[in-house]
Amino acid sequence: MPIALLPDRAVVAVSGPDALPFLQGILTCNVETLPEGEARLGALLTPQGKIQFDFLVSRTGDGFRLDVAAERVADLVKRLGLYRLRAKVTVAADPTLGVAAAWDGAETAAETVRVRDGRLPALGERLYFSQGAFSADATEDAYHAHRIGIGVPEGGRDFAFSDAFPHEALMDQLGGVDFKKGCYVGQEVVSRMQHRGTARTRILPIVYRDGPAPAPGTEVTAGARSLGVTGSAAGDRGLATIRLDRLGDALAIGEPVRVGGTIAALAKPDFARFAFPTDTAVAG
C-alpha cells in the first residue's frame, strides 16, 4: 500500500473571483463540473491544438490548484498570465506545497489534502502537504512504474510538449478533454479530430521481451517501417507513441515489432475505448 513523494511535481495556485470562468475558457477539461475532492486531468493547448502543459486540476478554498511538472511551473505561470487580461485572478507558484501519490488504499498520519486522481481508480489519490512535513514508503520511481504499468502517459516523459495532440496522449480516454463544454484554446482542432476520428497515433503500453527497456526516443519498427518512438519505461515495460495504421499493417502480415534488436509486444490499455488493430494486439 505505497505512498510516493513526487519531487518532480509542484503546485500552481489560481485564485480570485474569476478563477473558474478564467480556467473554463482556456483549459481542455471542465472545471465547472469538477467536484470537491477530485483531481481532474487537463491541459493548456497551443492554438494549433497541441499540448503545451498537462496537469491535474483540483479545487481549493478560493480557487484551484494545478499539479504540474516542477520544471514547467515558471513557464505555466507566465503563460497563464498572458491569458489573464482583466480577469480578477491571481496566478502564482506555491512553493510551500509538496506532492505525493497514494494507491492501493495507502494511509498516512501526516496532515495532507487528499484528492482522488480522476484519471483512473487504479491511480489512487494525490496528496498535497506542507514541504518538509511528510515522509513516504515508496520512491518516485515506484509511482512511475505503477503509472507505466497501467498505461498512463505523462507530459515530458512520454510525449514532447507542443508536439502531441490530446488524443495522442490519451487525454480523451482519461477524462482530460470535455467535448461539450464549448470554446477553449485549441478547441476547434481537438473537436475536429474527435468527430472525424482522425487520431491515428496513440501512446500504447509496450513490453520488451529480450532485454532491458531502451532509452526514451528510440525508434519502434516493423520490418522497414517506422511505427513510432519509445517513451518512459520501468523494467521490461514502457510506453510508446505508435501509428495504429502502421501497427495494423504489421500485425496483418505477422511482422514482428522491434525496438533496436529487441522484439517487443504492444497492447491496448485496459481503460482505452479507441479502435485497435486487434483485440489482443500482441506483436512478435
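Residues numbered from 1 in each chain as written. Predicted model: local features only at pLDDT ≥ 70, side-chain atom pairs only at ≥ 80, totals over all residues. Heavy atoms only, no water.

Draft legend 1. Summary view of the packing of aromatic side chains. Tallied over the full model, the rule gives three aromatic pairs. Where Phe159 meets Phe161, the ring centres are 6.0 Å apart and the plane angle is 75°; that geometry is what we call edge-to-face. A relative accessible area of 9% means that Phe159 is categorised as buried. When the ring of Phe274 is compared with that of Phe276, the centres are 6.4 Å apart and the planes differ by 50°; the resulting orientation is tilted. Taking relative accessible area as the criterion, Phe276 reaches 14% and is therefore assigned buried. Note that Arg72 overlies the ring of Phe161, its terminal NZ or CZ placed 4.2 Å from the centroid. Taking NZ or CZ as reference, Lys268 lies 5.7 Å from the ring centre of Phe274, over its face. (Phe/Tyr/Trp six-rings, centres within 6.5 Å; stacked < 30°, edge-to-face > 60°. Buried < 20%, exposed > 50% of the residue type's maximum accessible area, 1.4 Å probe, protein only. Lys NZ or Arg CZ within 6 Å of the ring centre and 35° of its normal.)

Draft legend 2. Representation of helix H4 (residues 187–196) within the structure. Those residues of H4 that sit buried are Gln187, Val189, Val190, Ser191 and Met193. As for H4, its buried residues are in contact with strand S3 (38–45). (Helix = DSSP H or I, 4+ residues; strand = E, 2+ residues; numbered from the N terminus. Contact = heavy atoms within 4.5 Å.)

Draft legend 3. Up close: the nonpolar core. In this structure, Ile51, Leu204, Leu227, Ile242, Leu247, Leu266 and Phe271 are the most contacted members of the largest nonpolar core, which totals 52 residues. Grouped together as the second largest cluster of nonpolar side chains are 24 residues, Ile26, Val31, Leu66 and Val185 included. (Core = buried A, V, L, I, M, F, W, Y, C linked by side-chain atoms within 4.5 Å.)

Draft legend 4. The arrangement of the sheet that holds strand S5 (residues 63–69) in detail. Taking strand neighbours across the sheet as the criterion, the nine strands line up as S1-S7-S9-S8-S3-S4-S5-S2-S6 in an open arrangement whose pairing is mixed. Two strands close off the open sheet at either side, each with one partner strand: strand S1 (3–5) and strand S6 (90–93). On average, each strand axis in the sheet is tilted by 35° relative to the strand beside it, whichever way the strands run. Bridge count between strand S2 (residues 9–15) and S6: four bridges; the pairing is antiparallel. If you follow Ser15 over to S6, its bridge partner there is Thr90. (Pairing = 2+ DSSP bridges. Axes fitted to C-alpha atoms, helices over the stretch in contact; angles between N-to-C directions.)

Draft legend 5. Seen up close, helix H2 (residues 73–84). An ideal rise of 1.5 Å per residue puts 16 Å on 12 residues; H2 measures up with 16 Å between its terminal C-alpha atoms. Looking only at H2, the buried set comprises Val73, Leu76 and Leu80. The arc that holds the buried residues of H2, viewed along the axis, is 60°, so those residues lie on one side. Exposed and facing more than 90 degrees away from the buried side of H2 are Ala74, Lys78 and Leu82. Buried residues belonging to H2 abut S2, helix H1 (19–24), S3, strand S4 (51–60), S5 and S6. One or two residues past the end of H2 sits Leu85, with phi positive at roughly 50°. (Expected span 1.5 Å × (residues − 1). Arc of directions from axis to C-beta.)

Draft legend 6. Structural context of the sheet that holds strand S15 (residues 262–266). Here we have six strands rolled up into a closed barrel, ordered S10-S13-S12-S11-S14-S15, and antiparallel in their pairing. Within this sheet the neighbouring strands show an average axis-to-axis angle of 40°, counted without direction. Relative to S15, strand S14 (residues 257–259) runs antiparallel, the two being bridged by three bridges. Its bridge partner being in S15, Val257 is matched across the sheet by Ala264. Helix H3 (residues 140–150) rests against strand S12 (225–234) and strand S13 (237–243) of the sheet, and its axis sits at about 145° to S12. Contacts between helix H5 (residues 244–252) and the sheet are confined to strand S10 (201–208), strand S11 (219–222), S12, S13, S14 and S15, with S13 contributing the most and set at about 100° to the helix.

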